[in-house]
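One-letter residues, chain by chain:
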Amino acid sequence: MVKKIVVIGGGFAGSHISRKFDKDKDFQVTLVDNKDYFEFTPSIVKVLSAPEHLKKIQKYHKDYLKNSEIIIGDLTDIIPDNKEIEVKHESKTKKIKYDYLVICSGSTYSQPFKEKNLVLPVRGEHLLEFNKILEDSKNVLIVGGGLVGVEIAGEISQNYKDKEVTIVHSNEVLMERMSVKSQVYSKKVLEKRNVKILFKEKVVKNNKEIYITDKGTKIKSDICFICTGIIPNYEFMKKHLDKSLDKRDLIIVNENLQINDFKNIFSAGDINSIAEEKTAQNAEMQAKIVVKNIKRVEKNKELKKYVSTPKIMVISIGKYNGIMMYKNYTITGIIPAFVKWFVEKKEMMKF
Ligand SMILES: Cc1cc2nc3c(=O)[nH]c(=O)nc-3n(C[C@H](O)[C@H](O)[C@H](O)COP(=O)(O)OP(=O)(O)OC[C@H]3O[C@@H](n4cnc5c(N)ncnc54)[C@H](O)[C@@H]3O)c2cc1C
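Just so we're clear, the structure is a prediction, and the values are computed from it rather than from any experiment.

Participant: Could you clarify how one ought to interpret the domain arrangement of the protein chain in this entry?
Facilitator: Under the domain assignment used here, the protein chain contains domain 1 (3-34 + 73-109 + 230-298) and domain 2 (120-228 + 311-349). The interface is formed by nine residues belonging to domain 1 together with 11 residues belonging to domain 2. The junction of domain 1 with domain 2 conceals about 720 Å² of combined surface from both sides, 44% of it contributed by carbon and sulfur atoms. Three residues, Y109, E277 and Q281, lead the burial of domain 1 against domain 2; their summed loss comes to 63% of the area buried on that side. Our count for the contact surface shared by domain 1 and domain 2 stands at three residue pairs in polar contact (both at pLDDT 80 or more). For the side of domain 1 that touches domain 2, the leading source of residues is helix α7 (residues 280-298), giving four residues.

Participant: Whenever I open this one, the state of the cysteines confuses me. Can you help?
Facilitator: A covalent bond between the sulfur atoms of two cysteines is referred to as a disulfide. Applying the stated criterion to the full structure yields zero disulfides. Looking at C227, it has no disulfide partner, and the nearest cysteine sulfur is the one in C224, 8.2 Å off.

Participant: Quick question: what am I supposed to make of unusual backbone geometry here?
Facilitator: In terms of backbone geometry, most residues other than glycine have negative phi values and most peptide bonds are trans. Across the junction of Q111 and P112, the peptide omega takes the value 5°, indicating a cis bond. On the secondary structure map, P112 appears in the loop between β10 (107-108) and α4 (120-136). For N300, which is not glycine, the phi torsion reads 55° and is therefore positive. Positionally, N300 belongs in the loop between α7 and β21 (313-316). Judged by relative accessible area, which is 73%, N300 ranks as exposed.

Participant: What am I meant to see in α7 here?
Facilitator: Under the 1.5 Å per step criterion, the end-to-end length of α7 is 27 Å for 19 residues, consistent within 8% with the ideal 27 Å. Taken residue by residue, α7 has N282, A283, E284, Q286, A287, I289, V290, V291, N293 and I294 as its buried positions. As for α7, its buried residues are in contact with β1 (3-8), α1 (12-22), β2 (27-33), β9 (100-103), β20 (262-267) and α8 (334-349).

Participant: What should I look at first to understand the pattern of salt bridges in this one?
Facilitator: Pairing is possible between side chains that carry opposite charge, provided their charged atoms lie close to one another. Under the counting rule described, the total for this entry stands at 22 salt bridges. Between D33 and K35 there is a salt bridge, with the nearest N and O atoms lying 3.8 Å from each other. Considered together, D33 and K35 belong to a single accessibility category, that of buried residues. One salt bridge connects E347 with K350, and the closest N-O pair in it is separated by 3.1 Å.

Participant: How do you make sense of the site of the ligand when you look at a structure like this?
Facilitator: Among the 32 residues in the neighbourhood of the ligand, the closest are listed as N34, L75, K114, D270 and K340. One nitrogen or oxygen atom from the side chain of D74 is found 3.3 Å from a nitrogen atom belonging to the ligand. Within the backbone of A280, a nitrogen or oxygen atom sits 2.9 Å from an oxygen atom of the ligand. Relative to its unbound accessible area of 1,000 Å², the ligand is 91% covered by the protein chains. Those elements giving two or more residues to the shell around the ligand turn out to be α1, β2, β6 (74-79) and α7. If you tally residues by element for the shell around the ligand, the top one is α7, at three residues. Of the residues that constitute the shell around the ligand, the class distribution is 12 nonpolar, 13 polar and seven charged.

Participant: Would you take a moment to explain the nonpolar core for this structure?
Facilitator: If you look at soluble globular proteins, the nonpolar side chains tend to sit buried side by side. Ranked by internal contacts, the top residues of the largest apolar core, which has 88 residues, are I17, I78, I85 and F225. Looking at which element gives the most residues to this core, the answer is α7, with six residues. Split by domain, this core shows at least three residues from each of two domains, domain 1 (3-34 + 73-109 + 230-298) and domain 2 (120-228 + 311-349). Look past the residues within four positions of I85 in its chain and what remains in contact with it is V6, I8, V32, L75, D77, I78, K94, K95, I96, Y98 and L101.

Quick notes on the rules
- Within each chain, residue numbers correspond to sequence positions counted from 1 in written order.
- Owing to the predicted nature of the model, reporting of local features is limited to residues with pLDDT of at least 70; listing and counting of side-chain atom pairs is limited to 80 or more, with chain, interface and lining totals taken over all residues.
- Side-chain metrics in this entry use all non-hydrogen atoms of the structure; hydrogen atoms and water are not considered.
- These domain limits were set by an automatic method or by a database of domain assignments.
- Pairs of residues are marked as contacts when any of their non-hydrogen atoms sit within 4.5 Å.
- Two parts placed together each lose some accessible area under a 1.4 Å probe, and the buried area is that loss summed for both.
- Two N or O atoms count as a polar contact when they lie within 3.5 Å, although within protein this holds only if one can serve as hydrogen donor and the other as acceptor, and sequence-adjacent residues are included solely when both atoms are side-chain atoms.
- Per the convention used, a helix needs a DSSP run of H or I reaching at least four residues, while a strand needs a run of E reaching at least two, with both numbered from the N terminus.
- Criterion for a disulfide: a pair of cysteine sulfur atoms at a distance within 2.5 Å.
- For every residue, the accessible area (1.4 Å probe, protein chains only) is compared with the maximum for its type, and the residue is labelled buried under 20%, exposed over 50%, or partly exposed between those bounds.
- The length a helix should cover is 1.5 Å for every residue beyond the first.
- A pair is scored as a salt bridge if a Lys or Arg side-chain nitrogen falls within 4 Å of a carboxyl oxygen belonging to Asp or Glu.
- Throughout this document, a residue counts as near a molecule or strand when at least one of its heavy atoms sits within 4 Å of that molecule or strand.
- To measure how exposed things are, a 1.4 Å probe is used in the Shrake-Rupley method; for residues, cover is taken only from the protein chains shown.
- Note on residue classes: Ala, Val, Leu, Ile, Met, Phe, Trp, Tyr, Cys and Pro are nonpolar, Asp, Glu, Lys and Arg are charged, and everything else, Gly too, is polar.
- Joining through side-chain atoms within 4.5 Å is the link that ties buried Ala, Val, Leu, Ile, Met, Phe, Trp, Tyr and Cys residues into a set, and such a set is a nonpolar core.

Spelled out as structure tokens, the structure:
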């Protein structure tokens, strides 16, 4: 009998799982996403100063899922005892049954980096508007000097030499979870391009275009990018699966990426509690295990364990400069920038 897999979220994890089962005659996929497209998030920083690049990093779900049902709506509740979910779809609530449920609802990041509940043309308009504001801005403020903050500072400082870019970072080094070499290198490159970095300060309030830090520093800014981290998309868990959330609101999964009490519910990507860097690569690696394990449940085979392994991290500092890290090795310069470009090409070819 054909088994029904409902996948929540069409980001890196969800689109991978949907694609893999789309061609499998033993399964029928329903993808529920609150936007109608996949977007290669790592290249959004580039799009902000080069909006023409956008069409290269987006794909409508309907263009790569030929045999699946696609529902553009918001998951609002999961009722595991009935093997059923509720989705808000065109202002109506729709109930959908499943044999397997895979939760890949990912995370929210500040606008313009990620957006929810919209269709592709509107997303394009929003990014064009941001680009226009950026073009017209003299002063740019970036709150947070982690990976995203460094990448956006790198992109803007390279493409707009006349803009005054400031990063406010609460830590004493940039990208504190990365290697020391990468911290030193990113600071050196950005400062050489006249990016001002305020360490150990936090933006606490703003009055129109004046932003004020906890140390009383006032920064004038025409555009502000908030790069302070991710927020999990978990609201639909509250009613029936509250106990499966950890204290950070991430979905607790076992080593097979299942929610413990429900062997037919899996979760992959940014939304689950696996202790590793929340990256697109890791989301895809987890998605691969979920695909294998659903097939293994069907065949009564022992399930595969997800083992987190060190991965190559690539950070761009503009088009021709970057940092690549693997375990204790760090490479800087043009090669990482090329690798970043290549990864985008390779990833988008899968669709
Ligand atoms: C600016 C930026 C740069 C990044 N750069 C890199 C990088 O260089 N390399 C790297 O590996 N990673 C990078 N990342 C991280 C990477 O983008 C994430 O780890 C990845 O997107 C996680 O994939 P995911 O499938 O778990 O979730 P997401 O990509 O967040 O996708 C989740 C999907 O679920 C949908 N959704 C959410 N809630 C619901 C709901 N209730 N109902 C229906 N649909 C829902 C969302 O709209 C979305 O489509 C970057 C992130 C950002 C923000």
